[in-house]
Amino acid sequence: MLRVCPPSTLSAERKKKVKKELLTMNAEEAVTSPQDGPTPRWSLGSSSGLHYGSFANSLASLTPMAVEKPAISPRRAHLAVAVLCYVNLLNYMERYTIAGVLSNIQRFFDIRDSTAGLLQTVFICSFLLLAPLFGYLGDRYNRKYIMIGGLSVWLVTAAGSSLVTESYFWLLVLLRALVGIGEASYSTIAPTIIGDLFTGGQRSIMICVFYIFIPVGSGLGYIVGAGCANLTGDWRWALRITPILGLVGLFLLVFLCPNPARGAAETHGQGVAEQTSYKEDVKYLLKNKSYVWSSFGVTAMAFLTGALAFWMPTFLSRAQVTQGIRPPCTKEPCDPTDSYIFGAVTVVTGILGASLGTGLSRWLRNKVSNADPLICAVGMLGSAPCLFITIFVASESIPATYVFIFLGELLLSLNWAVLADILLYVVIPTRRATAEALQITVCHLLGDAGSPYLIGTISDAIRKVKPGTHAWSFRSLKYSLLVCPSVGIVGGLFFLMTSLYITEDRKAAQELIAGTGNEGPPPQPNPAPEPSMELSNSNK
């Protein structure tokens, strides 16, 4: 253990001696340490009495010309984000390809609305059940390898879904559940890698770009799925496109995506190593009020978007049959026009909404400390009346319906990137994957895991009053969709609650990263004329 006096009180000879001793100590560690990674990576909860970042500051004061360990280069970091965005695009394309050809699937397997909704429900259920496991692994093991393994499972099961024959609907349901395993590994981990590559405003932009591909991928899922089914005359070809493109994504992930140290962006590549149990991680998150309330808000948003994304093309198709604009679908392939238009609207509103939300966040953040959850609240509360009007105007005017769908989706899309940024700055780096996983579990369990099935079940129950009529088939789905605007209002209230705590929780996370928070070691006293600092090698 070495006791170092402040540089202001050291003689030139003493400075040289201290520097020599420090270099000797580091050289000995380099020889004896079996680790290949950067050393030391300091713990947030270290018992050494050395704060996170204190070593670098102290050494810099003694050796001004010392070269700091570089973080991942900006070029490589941007390339990694491009790869992650591409895989995210495919992720959501595959997820909503089923919705784009849902009418064809119902006709092929001769299934009701509630049974059709089960396809999305089983996928989301497996997704949410495994998200906590991947969150736990993502905070402790190599995140790149976990994503590669998950993506491989996703490719095999997604391709297998396209081979199911007419008498094996149960197998399609099973394969859809297995697809959720692969997506759970990626969705919980990818945002945390971006969080460890960038900080501040640059991270907000990168997160915005990443989350733009959620609505873009969803919209392309409708378009590509319906287009393939229409061109080939077989809906199963729609499920083969994303696995083919996914092989390219797997190759890029293997060779171009790094596995940065946790907290690398905040620590110039050093990273943060905090050894805590899963139970401690969960307790920390449950005490974080911003995280809890924003997770409830995300859950309401997931319920809303999951139900609309799955049922809206079918709802619009039935509306046009009711108005006499087109005949009912009696054989494959069904008219894909609504999937094309709804997909295009989703893509455009996703890009505009996510960009606008991030722009508003960056502009207001320094002026209004709780701007981010307020933006989310405005998006949710504003979308509710738009969706309500959409549901009732569909029986009268399809163009007017699309106008209100556009406005509703635009307001909802304000939230995508902002929500991800909230999680990254109110949770410390070593618990972000767990936080992502638990939020995914809750929002899907209470959100879009059940909403498509619930809407389908309500629709079937209402339809029993007048079975066999196309007009009542439309109205039953119309009345069941009224659940969505109500949930949107509740979600807006959750984000308003988040705004009450966001400033305090963000500051607490920053203090923990800096080593001055309640969970870190106590702050050192102000230096006296002859103070000392202890440099301990006990935490590496």
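Quick notes on the rules
Starting from 1, residues in each chain are numbered consecutively following that chain's sequence as written. In keeping with the model being predicted, local features are shown solely for residues with a pLDDT of at least 70 and side-chain atom pairs are shown and tallied solely at 80 or more, while totals for entire chains, interfaces and linings include all residues. Hydrogens and water are ignored here; the side-chain numbers use all heavy atoms of the structure. UniProt positions are given in the numbering used here, feature names are shortened, and annotations may be inferred rather than shown by experiment. Put simply, DSSP H or I for four residues or longer makes a helix, DSSP E for two residues or longer makes a strand, and each gets a number counted from the N terminus. Residue burial is assigned from relative accessible area. The probe radius is 1.4 Å, only protein chains are included, and a residue is buried under 20% of its type maximum, exposed over 50%, and partly exposed in between. What makes two residues a contact is simply this: any of their non-hydrogen atoms within 4.5 Å. Note on areas: these come from Shrake-Rupley sampling with a 1.4 Å probe, and a residue is covered only by the protein chains present in the view. Stacked, tilted and edge-to-face pairs are distinguished by plane angle, under 30 degrees for stacked and over 60 for edge-to-face with tilted covering the rest, among Phe, Tyr and Trp rings (Trp via its six-membered ring) whose centres lie within 6.5 Å. Charge over a ring is defined by NZ of Lys or CZ of Arg lying within 6 Å of the ring centre and within 35 degrees of the ring normal. Here the expected span of a helix is defined as 1.5 Å times the quantity of residues minus one. Residues grouped as a nonpolar core are buried Ala, Val, Leu, Ile, Met, Phe, Trp, Tyr and Cys residues, joined through side-chain atoms within 4.5 Å. Boundaries between domains were set according to an automatic or database domain assignment. Under this scheme, a helix contributes an axis fitted over its contacting stretch, all axes are lines through C-alpha atoms, and angles between N-to-C directions fall in the 0 to 180 degree range. A crossing counts as left-handed when the near helix is turned anticlockwise from the far one by less than a right angle, and as right-handed when that turn is clockwise. Note on residue classes: Ala, Val, Leu, Ile, Met, Phe, Trp, Tyr, Cys and Pro are nonpolar, Asp, Glu, Lys and Arg are charged, and everything else, Gly too, is polar. Each salt bridge in this description consists of a side-chain nitrogen of Lys or Arg and a carboxyl oxygen of Asp or Glu lying within 4 Å of one another. Under this definition, polar contacts are N or O atom pairs within 3.5 Å; protein pairs additionally need one hydrogen-donor-capable and one acceptor-capable atom, and for neighbouring residues in sequence, both atoms have to be side-chain atoms. Candidates for patches are residues over 30% relative accessible area with no salt bridge; among them, like charges are joined within 9 Å and nonpolar side chains (Val, Leu, Ile, Met, Phe, Trp, Tyr) within 5 Å. Here pLDDT means the predictor's own confidence in every residue, given as a number from 0 to 100.

An unreviewed UniProt entry lists the protein chain under the name SPNS lysolipid transporter 3, sphingosine-1-phosphate (putative), from Seriola dumerili. As recorded by UniProt, the Subcellular location (unreviewed entry) comment attached to the protein chain reads in full: "Membrane". What UniProt states about the protein chain under its Sequence similarities (unreviewed entry) heading is, verbatim, "Belongs to the major facilitator superfamily. Spinster (TC 2.A.1.49) family."

### Details of the overall build of the protein chain
A count of helical and extended segments in the protein chain gives 20 helices and 2 strands. For the protein chain, the residues scored as buried account for 55% of the 540 residues in total. In the protein chain, the share of contacts with a sequence separation of at least 24, taken over all contacts with a separation of at least 6, comes to 86%. Total accessible area on the protein chain stands at roughly 22800 Å², and carbon and sulfur atoms take up 65% of it.

### Quick word on the packing of aromatic side chains
Centre distance and the angle of the planes are the two values used to describe a pair of aromatic rings. In this structure the tally under the stated criterion is 16 aromatic pairs. Judged by centre distance (5.2 Å) and plane angle (80°), the rings of Phe210 and Tyr211 are edge-to-face. The pair Phe210 / Tyr211 is uniform in exposure class, with both members buried. An aromatic cluster is present here, built from Phe108, Phe109, Phe169 and Trp235 joined pairwise through their rings. If you follow Arg176 out to its NZ or CZ, it ends over the ring of Phe123, 5.3 Å from the centre. Cation over ring: Arg240 sits above Trp237, and NZ or CZ is 4.5 Å from the ring centre.

### Focus on helix α9 (residues 241-256)
The terminal C-alpha atoms of α9, which comprises 16 residues, lie 23 Å apart, in line with the 22 Å expected from a rise of 1.5 Å per residue. For α9, the full list of buried residues reads Thr242, Pro243, Gly246, Gly249, Leu250 and Leu253. The inward-facing, buried residues of α9 abut α3 (74-100) and α6 (143-161).

### A look at the nonpolar core
If you look at the biggest cluster of nonpolar residues, it comprises 126 residues, and the most contacted ones within it are Leu84, Phe109, Met147 and Trp235. In terms of residues, this core owes the most to one element, helix α11 (residues 289-323), which gives 16 residues. Three or more residues apiece are contributed to this core by two domains, here domain 1 (73-265) and domain 2 (278-514). When neighbours within four sequence positions are excluded, Phe109 is seen to be in contact with Val164, Thr165, Glu166, Tyr168, Phe169, Leu172 and Trp235.

### Re the packing of α11 against helix α18 (residues 470-480)
Their axes nearest at 9 Å, the elements α11 and α18 cross at an angle of 145°. Note that α11 runs across α18; the crossing there is left-handed. Contact residues: Trp311, Thr314, Phe315, Arg318, Ala319, Val321 and Thr322 in α11; His470, Ala471, Ser473, Phe474, Leu477 and Lys478 in α18. Counted by class, the contact of α11 with α18 contains 7 nonpolar, 4 polar and 2 charged residues.

### What about the pattern of salt bridges?
All chains considered together, the criterion is met by 7 salt bridges. Arg143 is the partner of Asp196 in a salt bridge, and the nearest nitrogen-oxygen pair spans 2.8 Å. On the criterion of sequence distance, the pair formed by Asp196 in the loop between α7 (169-195) and α8 (200-232) and Arg143 in helix α6 is long-range, its members being 53 residues apart. Both residues of the pair, Asp196 and Arg143, belong to the buried class. Here Asp281 ties to Arg431 by a salt bridge, and the two come within 2.8 Å at their closest N and O atoms.

### Comments concerning the environment of Thr199
With respect to the secondary-structure elements, Thr199 resides in the loop between α7 and α8. Among the residues examined, Thr199 registers a relative accessible area of 34% and is labelled partly exposed. A C-alpha to C-alpha distance of 9.4 Å links Thr199 and Tyr425, two positions 226 residues apart in sequence.

### So, α6
The terminal C-alpha atoms of α6 lie 27 Å apart, and with 19 residues this matches the ideal 27 Å at 1.5 Å per residue to within 8%. Looking at where α6 begins, the residue whose side-chain oxygen comes 3.0 Å from the main-chain nitrogen of Lys144 is Asn142.

### Some remarks on unusual backbone geometry
The phi dihedral of Asp110 is positive, around 55°, even though this residue is not glycine. Its location among the elements puts Asp110 in the loop between α4 (102-109) and α5 (113-138). Of the residues examined, Asp110 reaches a relative accessible area of 70% and is grouped as exposed.

### A word on the packing of α3 against α8
Where α3 meets α8, the axes come as close as 6 Å, and the angle between the chain directions of the two elements is 30°. The chirality of how α3 crosses α8 is right-handed.

### Quick word on the environment of Ser317
Note on placement: Ser317 falls in helix α11. With a relative accessible area of 18%, Ser317 lands in the buried category. When near neighbours in sequence (up to four residues on either side) are disregarded, Ser317 contacts Arg326 and Asp338.

### Description of the side chain of Ser185
In this structure, Ser185 sits in helix α7. What makes Ser185 buried here is its relative accessible area of 0%. Sequence-distant contacts of Ser185, that is, excluding residues within four places in its chain, are made with Phe134, Ile146, Met147, Gly150 and Leu151.

### Structural notes on the environment of Pro215
Along the chain, Pro215 falls in helix α8. By relative accessible area, Pro215 is classed as buried at 5%. Distance from Pro215 to Ala354, taken between C-alpha atoms, is 9.1 Å for residues 139 residues apart in sequence.

### Comments concerning a nonpolar patch on the surface
A cluster of nonpolar side chains, Val368, Leu374, Leu381, Ile489, Leu493 and Leu496, forms an exposed patch at the surface whose accessible area comes to about 420 Å². Secondary structure elements with two or more residues in the nonpolar patch: α13 (371-393) and α19 (483-499). No other element matches the 3 residues that α19 contributes to the nonpolar patch. The class of Leu493 is partly exposed, set by a relative accessible area of 46%.

### Things to note about the confidence of the model for the protein chain
Of all residues in the protein chain, 79% attain a pLDDT of 70 or more, and the chain-wide mean is 78. Confidence over residues 1-10 falls short of pLDDT 50; this stretch has 27 contacts with residues more than four positions distant or in other chains. Low confidence marks residues 516-540, where pLDDT is under 50. Its contacts with residues over four positions away, or in another chain, come to 54 contacts.

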